[in-house]
Amino acid sequence: MATMAGVRSVSQIERSYFLAFILLGIAGVLLGFVPPSWVRFNGRAEFPAPLSLQIHAGLFLAWVALFAAQVLFIRQGSPALHRRLGLVGAGMIPLMAISSVFAEAYSEKFEAIHKPGGQRFLIIPIFSLGLFLVFTIAGLLRRKRPAIHKRLLFLGTTLLFGAAWSRMSGPLLRPIIGYQGLGFFTCRFIMTNVFLVMLAMLDWRTKGRLQPVSATGIAVIVGAEILVTELFFTEWWLSVANAILGYFPGP
């Protein structure tokens, strides 16, 4: 009986953490993406959205909705629906990757023309999209190991939610702490790291220690954040970004 009660307690804690994660993530999406989307909807955007950008935005919003539904299905005790909807998510991933590549390339080529040096930002979507794909695909491959599966998907979706929050945290923090070194790191990645702290807290509350999959994921993400911070303002990265963008259509 004690063991069964302990299992229920762990399950309740995990469900609460995932619900908090999805609610905080949705708040970031609303605050970070709705205002610029409204500007674009009213015809005041800097450039017309190409088809790739429209598909990219639609797919990533659909992913957030799907992830929220998956969390709710598990909370309501509907694992069969969770698994079936997971197949839809798996089918979306390659479309998300392709649309993101072309949408980001188009946006950064616009920056290169109208705001020289702005194309440095290309390293941010490379970081977030690349690690999203790594963790999410790994999570789908480990779906028969629920504890690992859910943590990998938490890590992957953290990259998307962190990117959404940075659209608000960056402009708010930049005048206060600057945009070099630790200031850049904080502006760009503060909420990503808040989500990573949440994952670590979940592990310690349910397992008594940081789980290997969580520890590895956190180390990879923070290490990549440090690398991005070091490379962002270098002339080397600017030349690499220009070379990459040369292969894609733009405005």
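Residues numbered from 1 in each chain as written. Predicted model: local features only at pLDDT ≥ 70, side-chain atom pairs only at ≥ 80, totals over all residues. Heavy atoms only, no water.

A. Structural view of the overall build of the protein. A tally of helices and strands in the protein yields 8 helices and 0 strands. Ordered by position from the N terminus, the helices and strands of the protein form the series α-α-α-α-α-α-α-α. On C-alpha atoms alone, the protein measures out to a radius of gyration of 19 Å, which is about the 18 Å that the 2.2 N^0.38 rule sets for 251 residues. Projected onto its principal axes, the C-alpha coordinates of the protein cover approximately 65 × 35 × 30 Å. Here the protein holds 251 residues, and 44% of them are scored as buried. The long-range fraction of contacts in the protein, counting pairs at least 24 apart against all pairs at least 6 apart in sequence, stands at 76%. Accessible area of the protein: about 13100 Å², with a carbon and sulfur share of 71%. (Helix = DSSP H or I, 4+ residues; strand = E, 2+ residues; numbered from the N terminus. Rg over C-alpha atoms; globule rule 2.2 N^0.38 Å. Buried < 20%, exposed > 50% of the residue type's maximum accessible area, 1.4 Å probe, protein only. Contact = heavy atoms within 4.5 Å. Areas by Shrake-Rupley, 256 points an atom, 1.4 Å probe, with all protein chains shown as cover.)

B. Representation of the packing of helix 5 (residues 146-177) against helix 6 (residues 182-206). In the contact formed by helix 5 and helix 6, the axes pass within 6 Å of each other and the chain directions differ by 140 degrees. Compared by their axis directions, helix 5 and helix 6 come out oblique. Regarding helix 5 and helix 6, the two cross each other, and that crossing is right-handed. Broken down by class, the residue content of the contact of helix 5 with helix 6 amounts to 14 nonpolar, 9 polar and 4 charged. (Axes fitted to C-alpha atoms, helices over the stretch in contact; angles between N-to-C directions. Parallel < 35°, antiparallel > 145°, perpendicular 65-115°, else oblique. Left-handed = near helix turned anticlockwise from the far one by under 90°. Nonpolar A, V, L, I, M, F, W, Y, C, P; charged D, E, K, R; others polar.)

C. Spatial organisation of the packing of aromatic side chains. Counted under the stated rule, the structure contains 18 aromatic pairs. With centroids separated by 5.3 Å and ring planes inclined at 90 degrees, the aromatic side chains of Phe21 and Phe195 adopt a geometry described as edge-to-face. In this pair, Phe21 is assigned in helix 1 (residues 2-41) and Phe195 in helix 6, connecting sequence segments 174 residues apart. Phe21 sits in the buried class, given a relative accessible area of 0%. The class of Phe195 is buried, set by a relative accessible area of 0%. With a centroid separation of 6.3 Å and an interplanar angle of 85 degrees, the aromatic rings of Phe184 and Phe189 are classed as edge-to-face. Take Phe184 and Phe189: they sit in the same class, and that class is buried. Through a chain of ring-to-ring contacts, three or more aromatic side chains come together here, namely Phe127, Tyr179, Phe184, Phe185, Phe189, Phe232 and Phe233. Sitting over the face of the ring of Tyr179, Arg174 holds its NZ or CZ atom 3.9 Å from the ring centroid. (Phe/Tyr/Trp six-rings, centres within 6.5 Å; stacked < 30°, edge-to-face > 60°. Lys NZ or Arg CZ within 6 Å of the ring centre and 35° of its normal.)

D. Seen up close, the pattern of salt bridges. By the definition in use, this model includes 4 salt bridges. A salt bridge links Arg151 to Glu14; the shortest N-O distance between them is 3.7 Å. Of this pair, Arg151 sits in helix 5 while Glu14 sits in helix 1, and the two are 137 residues apart along the sequence. Across this residue pair, the class does not change: Arg151 and Glu14 are buried. The salt bridge partner of Glu235 is Arg120, with a shortest N-O separation of 3.2 Å. Highlighted residues: Glu235 in helix 8 (residues 235-245) and Arg120 in the loop between helix 3 (79-114) and helix 4 (123-141), separated in sequence by 115 residues. Note on Arg120: relative accessible area 12%, which makes it buried. (Salt bridge = Lys/Arg side-chain N within 4 Å of Asp/Glu carboxyl O.)

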